[in-house]
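Structural overview
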Amino acid sequence: QTKISFPSQISVDNDGEFNKIEIEKKGGLKYELRSICHHSGSFRSGHYWACGKRGSGWFLFNDNESPRLIKVPTEATSTAYMAFYEKSLHVTCKS
């Protein structure tokens, strides 16, 4: 199984490119990781769960369990299915 990791922040320049050096020069849009959806099992059946950022903490959301605080999900994983990013409100874009 292939393991992948998601950066905690990504940037996109005005042309939609992901060239980090040029983005920093141009002052492009910045996005922060907000949640990751996970899946284990097969294509026909399996189990989904998620971890998401709420305030400054990360929480695990998993069926009948109450949400619980976890460490920031920076390690590579083979269960990550989809990542969700939110536009950062702390950065202004240069024209």
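Refer to the preceding data block for the structure.
Here the structure is a predicted model, which means the values were calculated and not measured. (Residues numbered from 1 in each chain as written. Predicted model: local features only at pLDDT ≥ 70, side-chain atom pairs only at ≥ 80, totals over all residues. Heavy atoms only, no water.)

Before going further, it helps to examine the overall build of the chain. Scanning the chain from N- to C-terminus turns up one helix and six strands. In the chain, the succession of helices and strands from N to C terminus is β-α-β-β-β-β-β. Within the chain, the proportion of its 95 residues that are buried is 24%. The long-range share in the chain, meaning contacts at least 24 apart out of those at least 6 apart in sequence, stands at 46%. Roughly 7200 Å² of accessible area belongs to the chain as shown, and the carbon and sulfur atoms make up 51% of that amount. (Helix = DSSP H or I, 4+ residues; strand = E, 2+ residues; numbered from the N terminus. Buried < 20%, exposed > 50% of the residue type's maximum accessible area, 1.4 Å probe, protein only. Contact = heavy atoms within 4.5 Å. Areas by Shrake-Rupley, 256 points an atom, 1.4 Å probe, with all protein chains shown as cover.)

Summarising the element assignment, His38 is placed in strand E2 (residues 29–41). With relative accessibility at 8%, the residue His38 sits in the buried group. When sequence neighbours within four positions are dropped, the list of residues in contact with His38 reads His47, Tyr48, Trp49, Ala50, Cys51, Thr77, Thr79, Ala80 and Tyr81.

On to the environment of Glu32, then. Examined against the element boundaries, Glu32 turns out to sit in strand E2. Among the residues examined, Glu32 registers a relative accessible area of 21% and is labelled partly exposed. With 53 residues separating them along the chain, Glu32 and Tyr85 place their C-alpha atoms 5.3 Å apart.

Now for the nonpolar core. One finds Leu33, Ile36, Cys51, Trp58 and Ala80 forming the largest nonpolar core, which totals five residues. Excluding residues that lie within four positions of it along the chain, Leu33 makes contacts with Phe6, Pro7, Ser8, Lys53, Trp58, Ala83, Phe84 and Tyr85. (Core = buried A, V, L, I, M, F, W, Y, C linked by side-chain atoms within 4.5 Å.)

To continue, consider the pattern of salt bridges. Inspection of the entire model under this criterion finds two salt bridges. The salt bridge involving Arg34 is made with Glu86; its shortest N-O contact spans 3.2 Å. In this pair, Arg34 is assigned in strand E2 and Glu86 in strand E6 (residues 80–87), connecting sequence segments 52 residues apart. When its relative accessible area of 26% is taken as the criterion, Arg34 is described as partly exposed. Take Glu86: its relative accessible area is 42%, and that puts it in the partly exposed class. (Salt bridge = Lys/Arg side-chain N within 4 Å of Asp/Glu carboxyl O.)

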